[in-house]
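Remarks on the overall topology
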Amino acid sequence: MAEESKSWILTPRTLYELGIEAVVDNFHRVKECWTRLPDSVLFDVLSKLHAWREFKLLGNALSNFEMFSKLLKVSDQRVRLLVLFQTVLVDGMEINKELEVGYGSYCFMVEINPSIRDKVINLGLKLGKFLSDAGCYVESESVLLNCKDLCMAEAHTPQDWCRVLDCCHKLLHTQSAYCELDRAAETYKLALLMISRLTNEGYTDVNHAGLYTEFSVLFFIRSEFNEAYKWSVEAMKHLKPTLPANIIVDVFRQAGKACIVKREFQRAGLLIQQASYLARQVFGPHHLKYSDALVDYGFYLLNYDSFVDSVSVYEEALQIRRKIFGRLSLHIATVHEELAYALYVQDYVTGKFQEARLHAEIAIKIMEMLLPNNHFLLASAKRIKALILEEIALDTGATPMSGQNLLLEAESLHLSALKLTESVFGKENVLTAKHYGNLGRLYQSMQRYKQAEEMHLTAINIKEALLGPDDLEVGLSIGHLASLYTYHLDRHLCAEKLYFRSIEINIRLFGESYSGLEYDYQGLLRVYTVLHRTDKQMEYTEILNRWRRLRENRILLEDHELDLEKDPDPVDAVIQKFFNM
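Residues numbered from 1 in each chain as written. Predicted model: local features only at pLDDT ≥ 70, side-chain atom pairs only at ≥ 80, totals over all residues. Heavy atoms only, no water.

**Digging into helix α13 (residues 225-238)**
Side chains that are three or four residues apart share a direction in an α-helix, a result of its 3.6 residues per turn. Over its 14 residues, α13 extends 20 Å from the first C-alpha to the last, a length consistent with the 20 Å expected when each residue adds 1.5 Å. Among the residues making up α13, those that are buried are F225, A228, Y229, W231, S232, V233, A235 and M236. (Helix = DSSP H or I, 4+ residues; strand = E, 2+ residues; numbered from the N terminus. Expected span 1.5 Å × (residues − 1). Buried < 20%, exposed > 50% of the residue type's maximum accessible area, 1.4 Å probe, protein only.)

**With respect to the environment of R549**
Mapped onto the elements, R549 comes out in helix α27 (residues 534-557). Judged by relative accessible area, R549 falls into the partly exposed class, the value being 43%. Sequence separation between R549 and D44 is 505 residues, and the spatial gap between their C-alpha atoms is 58 Å. In terms of polar contacts, R549 uses its side chain to reach the side chain of E542, at 3.3 Å. (Polar contact = N/O pair within 3.5 Å; in protein donor to acceptor, adjacent residues only side chain to side chain.)

**Overview of the nonpolar core**
The tendency in soluble globular proteins is for nonpolar side chains to be buried side by side. Counting 197 residues, the largest nonpolar core has L46, L62, Y103 and L239 as the members making the most contacts within it. Sort the elements by how many residues they give to this core and helix α20 (residues 377-394) lands first, with 11 residues. Ignoring anything within four residues of it in the chain, the contact list for L239 reads A209, I248, V251, F252, V571 and I575. (Core = buried A, V, L, I, M, F, W, Y, C linked by side-chain atoms within 4.5 Å. Contact = heavy atoms within 4.5 Å.)

**Topic: the packing of helix α21 (residues 400-425) against helix α22 (residues 430-445)**
Angle between the axes and distance between the axes: these two values describe a pair of packed helices. Taken N-terminus to C-terminus, the directions of α21 and α22 make an angle of 160°; their axes are 9 Å apart at the nearest point. When the interaxial angle is binned, α21 and α22 end up roughly antiparallel. In the crossing of α21 with α22, the sense of the turn from one axis to the other is left-handed. Contacts between α21 and α22 pair L407, A410, E411, H414, L415, A417, L418, T421, E422 and F425 from the former with L431, T432, H435, Y436, N438, L439, L442, Y443 and S445 from the latter. Of the residues contributing to the contact of α21 with α22, the split by class is 11 nonpolar, six polar and two charged. (Axes fitted to C-alpha atoms, helices over the stretch in contact; angles between N-to-C directions. Parallel < 35°, antiparallel > 145°, perpendicular 65-115°, else oblique. Left-handed = near helix turned anticlockwise from the far one by under 90°. Nonpolar A, V, L, I, M, F, W, Y, C, P; charged D, E, K, R; others polar.)

**Re the packing of aromatic side chains**
Under the counting rule described, the total for this entry stands at 24 aromatic pairs. Ring centres of Y188 and F219 lie 5.3 Å apart, and the angle between their planes is 85°; this geometry places the pair in the edge-to-face category. Residue Y188 is found in helix α11 (residues 181-201), and its partner F219 is found in helix α12 (residues 209-221); the two are separated by 31 residues along the sequence. Arranged with centres 5.7 Å apart and planes meeting at 35°, the rings of Y341 and Y344 form a pair that is tilted. Placement of both Y341 and Y344 in helix α18 (residues 330-346) is noted, with a separation of three residues, approximately one turn of the helix. A relative accessible area of 26% places Y341 in the partly exposed class. Given the relative accessible area of 4%, Y344 is considered buried. Counting every residue linked through ring pairs, the aromatic cluster contains F265, Y297, Y300, Y304, F510 and Y514. Here the guanidinium or amino end of K262 rests over the ring plane of Y229, the centre of that ring lying 6.0 Å away. The ring of Y485 has R491 lying over it, and the distance from NZ or CZ to the ring centre is 4.3 Å. (Phe/Tyr/Trp six-rings, centres within 6.5 Å; stacked < 30°, edge-to-face > 60°. Lys NZ or Arg CZ within 6 Å of the ring centre and 35° of its normal.)

**Thoughts on the pattern of salt bridges**
Using the criterion set out here, one finds 36 salt bridges in the structure. In this structure, K434 engages E473 in a salt bridge whose closest nitrogen and oxygen atoms are separated by 3.5 Å. With K434 in helix α22 and E473 in helix α24 (residues 472-487), this pair connects stretches of sequence that are 39 residues apart. Residue classification places K434 among the partly exposed positions, given a relative accessible area of 26%. With relative accessibility at 11%, the residue E473 sits in the buried group. R491 is the salt-bridge partner of E453, the closest N and O atoms lying 2.9 Å from each other. Placement of E453 in helix α23 (residues 449-467) and of R491 in the loop between α24 and α25 (492-510) is noted, with a sequence separation of 38 residues between them. Among the residues examined, E453 registers a relative accessible area of 10% and is labelled buried. The partly exposed category is assigned to R491, whose relative accessible area is 35%. (Salt bridge = Lys/Arg side-chain N within 4 Å of Asp/Glu carboxyl O.)

Take a look at the structure:
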């Protein structure tokens with residue numbers, strides 16, 4: 001044993017502590033008896049191995065399939081188990097793959113002894129969910145697919161179909177999180193088939209709120225926001241206070257995100273705040289579920305034009321996840337990515353993008369270590385880094401050579417992100433359109449104005465076809481095209497019409513204090529200066545000054561901090577308020 005790694009304290013240790021240490025010291029002699037220890041004692045033994053940095057012994061213990069199955073049943077120790085599991089992964093032991101193989105062996109045993117089918121299915125549901133929580137999506141999907149096959153082999157009654165749906169619920173979550181969207185679509189169809197069978201049978205002893213939420217997540221990732229919104233509303237309709245807290249939190253979170261993209265910010269704020277309060281109350285301030293809620297709250301604040309508050313929320317979520325996963329996990333990478341974008345938006349005025357760049361690069365580095373080459377999850381992180389590099393290149397402190405190199409690197413990142421996105425979604429998709437718009441801005445910075453115009457027009461055409469003419473995404477692309485016409489192509493009358501349209505969209509969605517209006521007003525002032533329209537210059541100078549006063553007042557008055565002493569509202573009251581809005 002590594003005696004020097006043990007942190008002996010001077011105060012006398014209890015008999016229980018001495019007993020735990022004795023078990024650890026005699027690991028090899030007593031390991032066959034570990035599964036007979038009470039749950040709390042077993043976790044304390046494993047935690048002592050972790051504290052003494054005996055990671056190899058810890059890994060050997062956790063890779064014992066019988067023991068790990070026992071640990072999975074202790075729901076109130078999930079975070080503790082995640083910490084132990086992640087430590088072993090980072091230390092180099094592929095325990096995730098060992099557990100995947102171990103479950104496959106259990107499934108094979110069902111053919112020999114069919115009486116254990118139910119036990120193996122229940123174990124697969126728990127193991128698949130845990131591996132997904134741990135960010136081991138490949139192994140999670142493998143376990144849940146085996147579990148689904150066992151369920152389908154004997155799916156003859158409504159109770160059997162409900163178990164298939166439970167498997168589909170967890171499988172959809174894993175496949176969507178890992179962007180295995182074709183296989184997720186197959187799972188979605190299977191789930192619809194099972195729901196249809198239950199409906200035709202008149203079976204009502206089942207609740208689909210959690211499953212409908214996963215439907216919404218799938219369509220959200222595919223940028224099919226109308227479908228995502230539809231399924232999230234269905235989930236809210238089926239939600240009951242008697243459902244498990246984790247289901248209620250997830251329904252609130254996803255319905256809130258669907259409301260954000262539909263620009264229903266009042267509803268979104270209600271749901272995501274309540275999800276955060278409920279997660280904190282039930283699971284505690286250091287739980288993964290509370291971190292998930294905070295990430296969505298940061299997304300809400302960023303879209304609601306409160307980017308300073310968004311940054312602080314993302315930072316808190318990152319701290320929680322680091323305590324669970326350390327620094328090498330897809331769960332860590334995704335928060336770094338979202339924090340990078342929030343910092344990019346926050347620092348757009350100051351031009352100090354180094355912190356944003358650092359978080360984007362950390363996200364990409366982690367993803368490249370954990371994902372296959374050219375995995376779709378890299379597209380968004382590359383896009384964000386490219387946006388940041390473009391702004392750094394345009395900074396007055398950059399030399400012409402360094403600035404040009406940064407722009408070329410940004411172009412490479414944007415093109416890679418576009419290729420990844422088109423390979424998954426094709427050209428007619430909102431995410432694809434965003435990449436075209438980003439390339440338009442970059443080519444404008446690179447003085448390749450014809451290409452810039454082509455990219456902006458492509459982005460506008462795709463977004464209008466998918467979202468309609470008055471969506472925020474359309475307004476953003478219109479504003480960028482107006483900037484190109486104003487500052488580089490001398491098409492000032494065209495720019496004027498585009499600015500008017502962008503302003504109308506922004507005010508309708510966000511009100512007269514929206515941050516993005518500043519660029520439209522400044523662009524119009526430039527247009528009227530070139531056109532020698534003194535009357536319009538004076539008018540929009542006053543409008544811009546009025547906007548600045550409104551903006552300052554909004555920043556002073558707004559307070560989006562979560563009240564850490566506040567209890568969540570009753571679930572029924574939240575549902576009623578949501579549908580009355």
